[in-house]
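Architecture and fold: a report
If you want the building blocks of each chain, they are given just below.
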Amino acid sequence: MAIAKKYLNLESNKGIVCSIECILEEIKKTYGVYGCGILTNNGEILINKFPSSVSCDIISNLSIIIAIAEKMFLDTNNDIKKIDISGKCATLSIYPVGEFYLVLAVENNFKSTDILERYLPKLSELCLLLSENILYEDLPLEDLINNDKKISAFMFRILRFLNLKRYQNTNIDVLMYQLGNDISSYLKIDSFKKLKEFFESHGVGKLKILKEDGEEIISRVDGCVTCSFINKNIGRTLCYFEGGLINGTASNIYKRKCETVETHCHGLGHSYCQFRTKIL
């Protein structure tokens, strides 16, 4: 329960947790709902509003189901809003909310439209705040400010003049990924040679393509602008902007949809960043 406790014990999250608990109590009152809870992506119970007849061990065993659900939700070929797992008497419904999952234990054939419309948007917003507070708590922000006192004119103008409304209600990681992806499209970066030049001329880092075989691209970034100042393992990848730039360029080159995931990062304790791009 270490990760869940970390979220719950952070002072800046206490009001958010209280608001989430209130929403879950309202959901629990809905006819046909036996219980509900918020789980982390590794299956830990963050907030438990299941009945006492459902033991913590049973809920903890959801970690395998959550792992499968996460893969399905992240698959860009699917447009899945929820996953239902039905038994003889009840159904488990799983919904992505921010970086967490809402799990409902409901009657079979339960109609969830009302819950989706009334509660899910606010719940997703609160869960995003919950996870982002942890990120900011973990980052050595003093180092971020003190290690580089220059402001990139390019990034400042992007943030100042880009229509950020189109990214409204988007997780900051997703926003940065989409931003990088869109910049590659706007600037028509259609070769990795051009992307390498862009990375170096704009101080993003030094990009190297380790593998490119028409199905998969492995790329490495040294001196990454996002995370190279971090000198401790904070347990997560951070470089969604760089991943978006790589993904958008790959899409421009192959004229196909691509999916890029960061596998190595200073945020995970590595000394460089590495990305895997699948050409779909």
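That block above? That's the structure.
Residue numbers restart at each chain and count upward from 1, following the sequence in its written direction. Thresholds applied to this predicted model are a pLDDT of at least 70 for local features of residues and 80 or more for the giving and counting of side-chain atom pairs; totals over whole chains, interfaces and linings are not thresholded and use all residues. The basis for every side-chain value is the complete set of heavy atoms in the structure, and neither hydrogens nor water enter the calculation.

**Focus: the pattern of salt bridges**
We count it as follows: Salt bridges are defined as contacts in which a side-chain nitrogen from Lys or Arg sits within 4 Å of a carboxyl oxygen from Asp or Glu.
Taken as a whole and assessed by the stated rule, the structure comprises nine salt bridges. Residues Lys211 and Asp213 are paired through a salt bridge, measuring 3.7 Å at the closest nitrogen-oxygen approach. Here Asp222 ties to Arg220 by a salt bridge, and the two come within 3.1 Å at their closest N and O atoms. Among the charged side chains, a salt-bridge network with shared partners connects Lys211, Asp213, Glu216 and Arg276.

**Details of the packing of helix H10 (residues 192-201) against helix H11 (residues 240-254)**
Axes are the key here: two packed helices are described by the angle between their axes and the distance separating the axes. We apply this condition: Here an angle of 0 to 180 degrees is reported between the N-to-C directions of two axes, which are lines fitted to C-alpha atoms, with helices fitted over the stretch in contact. Only DSSP runs of H or I covering at least 4 residues are called helices, and only runs of E covering at least 2 are called strands; the numbering of each starts at the N terminus. Oblique is the label for any angle not under 35 degrees, not over 145, and not in the 65 to 115 range, which are roughly parallel, roughly antiparallel and roughly perpendicular in turn. Here a crossing is called left-handed whenever its near helix is offset anticlockwise from the far helix by less than a right angle, and right-handed whenever the offset is clockwise. Any two residues having at least one pair of non-hydrogen atoms within 4.5 Å are treated as being in contact. When residues are grouped by polarity, Ala, Val, Leu, Ile, Met, Phe, Trp, Tyr, Cys and Pro land in nonpolar, Asp, Glu, Lys and Arg in charged, and all others, Gly among them, in polar.
Put simply, H10 and H11 touch, their axes get as near as 10 Å, and they point 155 degrees apart. Our classification of the angle between H10 and H11 gives roughly antiparallel. Note that H10 runs across H11; the crossing there is right-handed. For the pair H10 and H11, contact is made by Phe192, Leu195, Phe198 and Phe199 and by Glu242, Leu245, Ile246, Thr249, Ala250 and Ile253, respectively. Of the residues assigned to the contact of H10 with H11, the class counts are eight nonpolar, one polar and one charged.

**Let's talk about the sheet that holds strand E9 (residues 273-279)**
The test is simple: Here, any two strands with at least 2 DSSP bridges between them count as paired.
Within the open sheet, the four strands sit side by side as E6-E7-E9-E8. Their pairing is antiparallel. What marks the edges here is a single partner per strand, and that holds for strand E6 (206-212) and strand E8 (258-264). Neighbouring strand axes in the sheet, compared pairwise and without regard to direction, differ in orientation by 25 degrees on average.

**So, the side chain of Thr249**
Convention followed: With a 1.4 Å probe rolled over the protein chains alone, any residue whose accessible area is under 20% of its type maximum counts as buried; one over 50% counts as exposed, and the rest are partly exposed.
Inspection of the secondary structure puts Thr249 in helix H11. Residue classification places Thr249 among the buried positions, given a relative accessible area of 0%. Ignoring any residue separated from it by four or fewer positions in sequence, one finds Thr249 in contact with Ser184, Ile189, Ser191, Phe192 and Leu195.

**Examining H10**
Stated precisely, the cut-off is as follows: Note: the arc covers the axis-to-C-beta directions of the helix.
Among the residues making up H10, those that are buried are Phe192, Leu195, Phe198 and Phe199. The buried residues of H10 occupy one face: seen down the axis, they fall within an arc of 110 degrees. Seen from the buried face of H10, the exposed residues on the opposite side, beyond 90 degrees, are Lys193 and Ser201. Immediately downstream of H10, the backbone of Gly203 shows phi near 70 degrees, a positive value.

**Comments concerning H11**
Here is the rule: Helix span is expected to be 1.5 Å times the residue number reduced by one.
An ideal rise of 1.5 Å per residue puts 21 Å on 15 residues; H11 measures up with 21 Å between its terminal C-alpha atoms. Buried residues dominate H11, accounting for twelve of its 15 residues. One or two steps after H11, the chain reaches Lys255, where phi turns positive at roughly 55 degrees.

**Some remarks on the sheet that holds strand E1 (residues 33-39)**
Taken together, five strands build an open sheet; the order of strands is E2-E1-E5-E4-E3 and the sheet is antiparallel. The sheet terminates laterally at strand E2 (45-49) and strand E3 (83-86), the two strands that pair on one side only. Adjacent strand axes in the sheet meet at a mean angle of 15 degrees, parallel and antiparallel pairs treated alike. Sheet analysis places E1 next to E2, joined by four bridges and oriented antiparallel. Directly across from Cys36, in E2, lies its bridge partner Lys49. Running over the sheet, helix H2 (residues 14-28) touches E1, E2 and strand E5 (100-107) and is turned about 155 degrees from E1.

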